[in-house]
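Residue-level structure breakdown
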Amino acid sequence: MYKNDTIVALATPAGSGAIAVVRLSGPESHDIAAAIFVPAFAKANSKPTAKLYERLHPNTVTLGHVYDGDRIVDQVLLTRFDAPRSYTGEHVVEISCHGSIYIQQEIIGLCLKQGARMAAAGEFTLQAFLNAKMDLSQAEAVADLISSESATAHQIALQQMRGGFSSELQDLRKQLLNFSSMIELELDFSEEDVEFANRDDLKVLLANAQKTLRKLIDSFALGNVLKSGIPIAIVGEPNVGKSTLLNALLNEEKAIVSEIAGTTRDSIEDEINIDGIRFRFIDTAGIRETTDTIETMGIQRSYTKAEQSRLVLYLLDATQLDSNPRIVHCLMRIQILKERFPDKPVIVVLNKLDEITGLQHAEITKQIKKRSPETIVISLSAKSGIGVDEMKEALVASFQSGALSGDDSIVSNARHYDALQKAYASLLEVQQGIANDISSEFLAIDIKATAESLGLITGEITNDELLGNIFSQFCIGK
Ligand SMILES: Nc1nc2c(c(=O)[nH]1)N(C=O)[C@@H](CNc1ccc(C(=O)N[C@@H](CCC(=O)O)C(=O)O)cc1)CN2
Ligand SMILES: Nc1nc2c(ncn2[C@@H]2O[C@H](COP(=O)(O)OP(=O)(O)OP(=O)(O)O)[C@@H](O)[C@H]2O)c(=O)[nH]1
Ligand SMILES: [K+]
Ligand SMILES: [Mg+2]
């Protein structure tokens with residue numbers, strides 16, 4: 001990015017809509033606009049001049065025409081923003097033209113001819129960051145906001161765009177740097193055994209910092225899946241109705257259903273929003289003993305999907321549970337699954353409710369509860385749809401608790417998560433160092449390392465490579 005360039009790009013989607021917005025940003029924006037725009041308030045037959053353009057008010061929309069020499073290109077609305085009061089902090093001009101691809105290209109072409117250059121991906125927001133209109137984590141949240149596909153993903157991005165944890169981390173970083181400079185000052189007076197940095201105050205700061213960072217780090221588990229969809233694996237023996245349940249949840253005939261055991265050979269997944277939360281349901285190959293190589297690979301994948309999910313729905317065919325030995329057999333298989341994934345929440349789903357009597361249902365749940373009291377059981381019929389909405393509600397409720405309902409910041413960006421973990425690790429080193437009474441010199445180094453990781457999140461510390469990585473993922477015009 002060259003600071004003194006004026007950049008231009010289409011701010012609206014490529015193609016033709018009703019209206020398109022061409023955006024200019026940089027020191028020459030107004031000169032460029034003045035050379036191609038005649039406001040409607042000008043006398044008839046006026047040509048574009050700087051004098052006419054000077055009469056436009058900032059933050060105000062003006063009707064007029066874009067000219068290419070003597071030729072009118074389009075009737076447009078032009079908005080003038082004067083630096084630093086603009087999105088980017090530079091002089092900005094927005095031209096709302098008719099949405100034809102031809103007109104868009106003509107106007108961009110005129111701007112280029114007048115000295116602008118095409119903006120790179122994310123460059124408007126990069127300017128905003130470099131002009132301190134926002135910090136780095138806020139700029140990243142702009143991209144997240146644009147791509148958010150559910151109410152919760154939108155909420156997380158918006159919260160971060162509006163400041164989120166930025167000021168908290170900036171504050172923490174400042175206090176840490178303050179301590180490290182005082183400790184470094186002690187080194188200059190090493191003969192005299194002075195202590196500028198009160199170790200008790202430092203310990204309090206570190207304890208608070210540790211709590212703050214821990215909370216943010218822990219929030220990532222949720223933030224990450226809320227952004228991309230909470231993965232939920234549907235597993236169980238062949239023919240219990242896994243694919244039927246997937247279709248019922250998605251309201252779509254996504255997976256093939258048949259009475260042949262082993263129909264699903266590979267996992268099938270899709271996303272759906274339920275009450276503002278994005279879920280990703282994964283139908284898997286039925287788990288059984290088999291000598292078929294392909295089926296074995298499918299079953300292996302079932303385990304991998306269960307591993308990667310946030311929650312496992314273990315499906316049972318209620319019509320098969322007509323004797324105690326069969327119930328015991330099923331519970332044993334669930335036990336094996338739980339041992340394989342000790343930290344994974346498992347919900348037992350009793351399917352084909354439509355095929356059994358109320359009495360049988362009561363007996364099965366009684367037996368399960370008796371043998372495995374902590375097991376959560378949901379009963380439904382994937383085929384008829386009975387109980388499916390209730391299960392959706394239960395899923396929403398289980399993910400809506402805690403972090404989501406409060407005002408606590410949620411980390412959803414993997415880069416922030418990495419930096420927070422690094423900060424946390426070096427924070428522990430500082431605490432260890434104090435406990436072991438290490439030299440002030442090393443203490444200061446560890447404190448500065450913590451501060452540096454925090455600075456990477458907010459962008460107080462950056463480098464071209466980092467900025468390039470982040471902003472190149474934006475769309476052009478943002
Ligand atoms: N047409 C248009 N719509 C848009 C944007 C835009 O740039 N142009 N935005 C962006 O992509 C978003 C709105 N965000 C914006 C944020 C700040 C400023 C701005 O001019 N800020 C100045 C002035 C503040 C004021 O007047 O109080 C500033 O911060 O100094 C503009 C848009 C969404 N919609
Ligand atoms: N009566 C009844 N039949 C069901 C229900 N759910 C599924 N079925 C039937 O059970 C059979 C197997 O259903 P699938 O959805 O293919 O079962 P699956 O678990 O995906 O089977 P595999 O992919 O082979 O492991 C089909 O004939 C379905 O119509 C239900 O709730 N009630
Ligand atoms: K089947
Ligand atoms: Mg299936």
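With an unreviewed UniProt entry as reference, the chain is termed tRNA modification GTPase MnmE, source organism Nonlabens agnitus. The Sequence similarities (unreviewed entry) field of the UniProt record for the chain holds the comment "Belongs to the TRAFAC class TrmE-Era-EngA-EngB-Septin-like GTPase superfamily. TrmE GTPase family." In its Subunit (unreviewed entry) section, the UniProt record describing the chain reads: "Homodimer. Heterotetramer of two MnmE and two MnmG subunits."

Here we take up a nonpolar patch on the surface. A surface patch of nonpolar side chains, about 300 Å² in accessible area, is lined by Leu185, Phe189, Val194 and Phe196. Within the secondary structure, Val194 sits in the loop between helix 7 (166-188) and helix 8 (199-228). The class of Val194 is partly exposed, set by a relative accessible area of 32%.

What follows concerns the coordination of the potassium ion (ligand 3). Distances from the potassium ion (ligand 3) to its protein donors, namely Asn239 (OD1), Ser258 (O), Ile260 (O) and Thr263 (OG1), fall within the range 2.5 to 3.0 Å. Mapping the donors of the potassium ion (ligand 3) onto the primary sequence gives the spacing N-x18-S-x1-I-x2-T. Here the potassium ion (ligand 3) and the magnesium ion (ligand 4) are spaced 4.9 Å apart. Overall, the relative accessible area of 26% leaves Ser258 in the partly exposed class. Here Thr263 falls in the partly exposed class, since its relative accessible area comes to 28%.

Over its twelve residues, helix 5 (residues 136-147) runs 17 Å from end to end, which matches the ideal 16 Å to within 8%, given 1.5 Å per residue. Along helix 5, the residues that are buried comprise Leu136, Ser137, Gln138, Ala139, Glu140, Ala141, Val142 and Asp144.

This part covers the coordination of the magnesium ion (ligand 4). Around the magnesium ion (ligand 4), the protein contributes the donor atoms Ser243 (OG) and Thr264 (OG1), which lie 1.9 to 2.0 Å from the metal centre. Here Ser243 falls in the buried class, since its relative accessible area comes to 8%. Its relative accessible area of 11% is what places Thr264 among the buried residues.

With that settled, consider the sheet that holds strand 12 (residues 346-351). Here we have six strands laid out as an open sheet, ordered 9-10-8-11-12-13, and mixed in their pairing. Sheet topology places strand 9 (268-274) and strand 13 (376-379) at the edges, where each strand pairs with a single neighbour. When strand polarity is set aside, the average angle formed by the axes of neighbouring strands in this sheet is 25°. Sheet analysis places strand 12 next to strand 13, joined by four bridges and oriented parallel.

Moving on to the UniProt feature "binding site: Mg(2+)" (unreviewed entry) in the chain. Here the UniProt feature "binding site: Mg(2+)" (unreviewed entry) sits at Ser243 and Thr264. A maximum C-alpha distance of 7.6 Å among these annotated residues, which run over 22 residues, shows that they cluster at one spot. Within the secondary structure, Ser243 sits in helix 9 (residues 242-250). Beyond its immediate sequence surroundings of up to four residues, Ser243 is in contact with Ala255, Ile256, Val257, Thr264 and Asp283. With respect to the helices and strands, Thr264 occurs in the loop between helix 9 and strand 9. When near neighbours in sequence (up to four residues on either side) are disregarded, Thr264 contacts Ser243, Ile256, Asp283, Thr284, Ala285 and Gly286. In this structure the side chain of Thr264 is engaged in a polar contact, spanning 2.8 Å, whose partner is the side chain of Ser243.

A few words now on the packing of helix 7 against helix 8. Direction vectors running N to C along helix 7 and helix 8 enclose 150°, while the axes themselves pass 11 Å from each other. Here helix 7 is positioned roughly antiparallel relative to helix 8, judged by the angle of their axes. Remark: the crossing between helix 7 and helix 8 carries left-handed chirality. Here helix 7 contributes Glu168, Leu169, Leu172, Gln175, Leu176, Phe179, Ile183 and Glu186 to the contact with helix 8, which in turn contributes Arg199, Asp201, Leu202, Leu205, Leu206, Ala209, Thr212, Leu213 and Leu216. The residue inventory of the contact of helix 7 with helix 8, partitioned by class, reads eleven nonpolar, two polar and four charged.

Thresholds, definitions, all that
Residues numbered from 1 in each chain as written. Chains lettered and ligands numbered in written order. Predicted model: local features only at pLDDT ≥ 70, side-chain atom pairs only at ≥ 80, totals over all residues. Heavy atoms only, no water. UniProt positions renumbered as here; feature names shortened; annotations may be inferred. Patch = residues over 30% accessible without salt bridge, like charges linked within 9 Å, V, L, I, M, F, W, Y side chains within 5 Å. Areas by Shrake-Rupley, 256 points an atom, 1.4 Å probe, with all protein chains shown as cover. Salt bridge = Lys/Arg side-chain N within 4 Å of Asp/Glu carboxyl O. Helix = DSSP H or I, 4+ residues; strand = E, 2+ residues; numbered from the N terminus. Buried < 20%, exposed > 50% of the residue type's maximum accessible area, 1.4 Å probe, protein only. Donors = N, O, S within 2.8 Å, 3.2 Å for Na, K, Ca; no water. Expected span 1.5 Å × (residues − 1). Pairing = 2+ DSSP bridges. Axes fitted to C-alpha atoms, helices over the stretch in contact; angles between N-to-C directions. Contact = heavy atoms within 4.5 Å. Polar contact = N/O pair within 3.5 Å; in protein donor to acceptor, adjacent residues only side chain to side chain. Parallel < 35°, antiparallel > 145°, perpendicular 65-115°, else oblique. Left-handed = near helix turned anticlockwise from the far one by under 90°. Nonpolar A, V, L, I, M, F, W, Y, C, P; charged D, E, K, R; others polar.

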